[in-house]
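# Examination of the molecular architecture
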Amino acid sequence: MIGIILGTRPEIIKMSPIIRYCEKNNIDHFVLHTGQHYSYEMDKIFFDMLNLPQPLYNLDVGSGTHAAQTGKIMEGIENILLEEKPEMIIVQGDTNTVLAGSLTASKLNIKVGHVEAGLRSFDRTMPEEINRVVSDHIADYLFAPTEISKKQLLKENIDANKVFVTGNTIVDAVQQNLKIASKKTNVLDGFGLSPKNYVLVTSHRAENVDSKNRLANILSGLKLVKEEFSVPIVFPIHPRTEKMIQKFGLSMEGINTIKPQGFLEFLQLEANAKIVLTDSGGIQEETCILGVPCVTLRENTERPETLNVKSNVLAGVDSSEILRCTTEMLSRNSNWENPYGDGKAAEKIVSICT
Ligand code: UD1
Ligand code: UDP
């Protein structure tokens, strides 16, 4: 039996092809939701819209400091693993849920599969970098999305026999949902937008939105982009960002802020955007897959593949750099190749696990 552990928006999305594959092929599994994300738009909307079965367990841990959140998740997972006794668990990505899941299972001598292994920003001030490094070094099966991520794992002396290059399950998720998205929803009409005539923005990284200075710089950059290109700026606001904007008393005037979108709606917004400005990890990949230019509001990225194929550029948060990078990306051709695989990552991963 496989225990699939998830807890946040991107994990639900990137695990969805694995859950679907297990369901379709009658593979013995259960889904454990830690409840790290819990607001309807960050959690349940994805189970509802992606037709995923409800998780068998939900720990409902909610938000907290890193130690409190990780500790609560570990305790909850331990109880369930002791009862269910799966042969292995799978975690995906770099959140506190991933760290807690891999640490707890490995101490119970339950095999750990890490989906999206080998990503590195080389920035240890990011909580996600710590989570990635620790989980990779504990894991028994490392599912690297690309040869670049495999190479990094080998550099860190991880046994090559444990590493499998599978592609990223986000390609599976995009392929599975893009068609459904265009049939089911017309989100552009709803927001009064026309294709290729708006800029889509997301920002939620702690290092950006928890700093008044960095967040204010990003907002100034967005205003410069809006003035230069005379296009609406559409910004689905992550709850963390909403909280910090209120706390810092920053103005969102001139920016179309909307609530976090369901995956089908968000895919439509992304696929039709003129350009996407983001500090999200998954969105750097999705824009690359969809052929939409991306400007990353960070100084580094653990997705070098997107820089190599030239679908993405690192702007940091300086407002004039944001404008310069947006202009540069808009002058590039969008005919790069998708480096993240053929959309069969879930099948490859589950086949290796069973
Ligand atoms: C987490 C992950 C991050 C990932 C992101 C995906 C860690 C350390 N961070 O960041 O890697 O990119 O999820 O979106 O695991 N909140 C709500 N409702 C929710 C969830 C959060 O209101 O459903 C608010 C709370 O005020 C909370 C804050 O957002 O304190 C931050 O939530 P948290 O899960 O700690 O981190 P994220 O910023 O969401
Ligand atoms: N996403 C979504 N609705 C939104 C914003 C993002 O469905 O309003 C999806 C997006 O398509 C991607 C994932 O959420 O698949 C990225 O999550 P996030 O940016 O929160 O986390 P990260 O990838 O940075 O860990």
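Residues numbered from 1 in each chain as written. Chains lettered and ligands numbered in written order. Predicted model: local features only at pLDDT ≥ 70, side-chain atom pairs only at ≥ 80, totals over all residues. Heavy atoms only, no water.

Per an unreviewed UniProt entry, the chain goes by the name UDP-N-acetylglucosamine 2-epimerase (Non-hydrolysing) and belongs to Methanohalophilus euhalobius.

Another aspect to go through is the overall build of the chain. Each helix and strand counted, the chain has 16 helices and 13 strands in total. Against the globule reference of 20 Å for 354 residues, the chain gives a C-alpha radius of gyration of 19 Å, in line with a compact fold. Projecting the C-alpha coordinates of the chain onto the three principal axes gives extents of approximately 55 × 40 × 40 Å. By the burial criterion, 57% of the 354 residues in the chain qualify as buried. (Helix = DSSP H or I, 4+ residues; strand = E, 2+ residues; numbered from the N terminus. Rg over C-alpha atoms; globule rule 2.2 N^0.38 Å. Buried < 20%, exposed > 50% of the residue type's maximum accessible area, 1.4 Å probe, protein only.)

Moving on to the pattern of salt bridges. Tallied over the full model, the rule gives 19 salt bridges. The salt bridge involving Arg132 is made with Asp94; its shortest N-O contact spans 3.0 Å. Placement of Arg132 in helix H5 (residues 127–138) and of Asp94 in the loop between strand E4 (88–92) and helix H4 (96–107) is noted, with a sequence separation of 38 residues between them. Take Arg132: its relative accessible area is 3%, and that puts it in the buried class. Residues Arg205 and Glu128 are paired through a salt bridge, measuring 3.1 Å at the closest nitrogen-oxygen approach. On the criterion of sequence distance, the pair formed by Arg205 in the loop between strand E8 (199–202) and helix H9 (206–209) and Glu128 in helix H5 is long-range, its members being 77 residues apart. As far as the burial class goes, Arg205 and Glu128 line up, both buried. One network of salt bridges, in which partners are shared, links Lys14, Asp94, Glu116, Glu129, Arg132, Glu285, Arg298, Glu302 and Arg303. (Salt bridge = Lys/Arg side-chain N within 4 Å of Asp/Glu carboxyl O.)

Attention now moves to the sheet that holds strand E11 (residues 275–278). Adjacent strands of a sheet pair through backbone hydrogen bonds, lying either parallel or antiparallel. If you trace the six strands from one edge of the open sheet to the other, you get E10-E9-E8-E11-E12-E13, paired in parallel fashion. Every interior strand has two partners, whereas the edge strands, strand E10 (256–258) and strand E13 (312–314), have only one. Geometrically, the sheet is characterised by an average inter-axis angle of 20° between neighbouring strands, direction not taken into account. Sheet topology note: the E8/E11 ladder contains four bridges and is parallel. The residue of E11 that forms the bridge with Thr202 is Thr278. (Pairing = 2+ DSSP bridges. Axes fitted to C-alpha atoms, helices over the stretch in contact; angles between N-to-C directions.)

Listed under "domain: UDP-N-acetylglucosamine 2-epimerase" (unreviewed entry) in the UniProt record, and renumbered for this structure, are residues 23–352. Helix and strand shares over residues 23–352 are 48% and 14% respectively, and the end C-alpha atoms of the span are 16 Å apart. (UniProt positions renumbered as here; feature names shortened; annotations may be inferred.)

Attention now moves to the domain arrangement of the chain. Considered domain by domain, the chain is made up of domain 1 (2–165) and domain 2 (178–331). On a C-alpha basis, the centres of domain 1 and domain 2 stand 26 Å from each other. On the side of domain 2, 22 residues touch domain 1, which itself brings 21 residues to the contact. Interface area for domain 1 against domain 2, summed over the two sides, is near 1700 Å², with a carbon-plus-sulfur share of 59%. When the buried surface of domain 1 facing domain 2 is broken down by residue, Glu41, Met49 and Ile148 rank first, second and third, together holding 25% of it. At the surface where domain 1 touches domain 2, the tally comes to six residue pairs in polar contact (both at pLDDT 80 or more). Considered class by class, the residues forming the side of domain 1 that touches domain 2 number nine nonpolar, four polar and eight charged. (Domains from an automatic or database assignment. Contact = heavy atoms within 4.5 Å. Buried area = accessible area lost by both parts, 1.4 Å probe. Polar contact = N/O pair within 3.5 Å; in protein donor to acceptor, adjacent residues only side chain to side chain. Nonpolar A, V, L, I, M, F, W, Y, C, P; charged D, E, K, R; others polar.)

In this section: the site of ligand 2. As a structural note, the neighbourhood of ligand 2 is formed by 18 residues, with Gln261, Ser280, Gly281, Gly282 and Glu286 the closest of them. Contact between ligand 2 and Arg205: an oxygen atom at 3.2 Å from a side-chain N or O atom of the residue. Glu286 places a polar side-chain atom, nitrogen or oxygen, 2.4 Å from an oxygen atom of ligand 2. For ligand 2, the accessible surface in isolation is 530 Å², of which the surrounding protein chains cover 95%. Among the secondary structure elements, those contributing two or more residues to the shell around ligand 2 are helix H1 (9–24), helix H12 (263–271) and helix H13 (281–290). Per-element tally for the shell around ligand 2: the top contributor is H13, with four residues. When residues of the shell around ligand 2 are assigned to domains, at least three map to each of domain 1 (2–165) and domain 2 (178–331). (Near = heavy atom within 4 Å. Areas by Shrake-Rupley, 256 points an atom, 1.4 Å probe, with all protein chains shown as cover.)

Now for the packing of aromatic side chains. What describes a pair of aromatic rings is the distance from one ring centre to the other and the angle between the planes of the rings. A complete count under the given rule lists four aromatic pairs for this structure. Summarising the aromatic geometry, the rings of Phe30 and Tyr57 are spaced 5.9 Å apart at their centres and angled 85° between planes, so their arrangement reads as edge-to-face. Remark: Tyr57 occurs in strand E3 (residues 57–58) and Phe30 occurs in strand E2 (residues 29–33); sequence separation between them is 27 residues. Relative accessible area serves as the criterion here: at 4%, Phe30 is assigned to the buried category. Ring geometry for Tyr141 versus Phe164: centroids 6.2 Å apart, planes at 20°, classification stacked. Here the residue Tyr141 occupies a position in strand E6 (residues 141–144), and Phe164 occupies one in strand E7 (residues 163–165), the gap between them amounting to 23 residues. (Phe/Tyr/Trp six-rings, centres within 6.5 Å; stacked < 30°, edge-to-face > 60°.)

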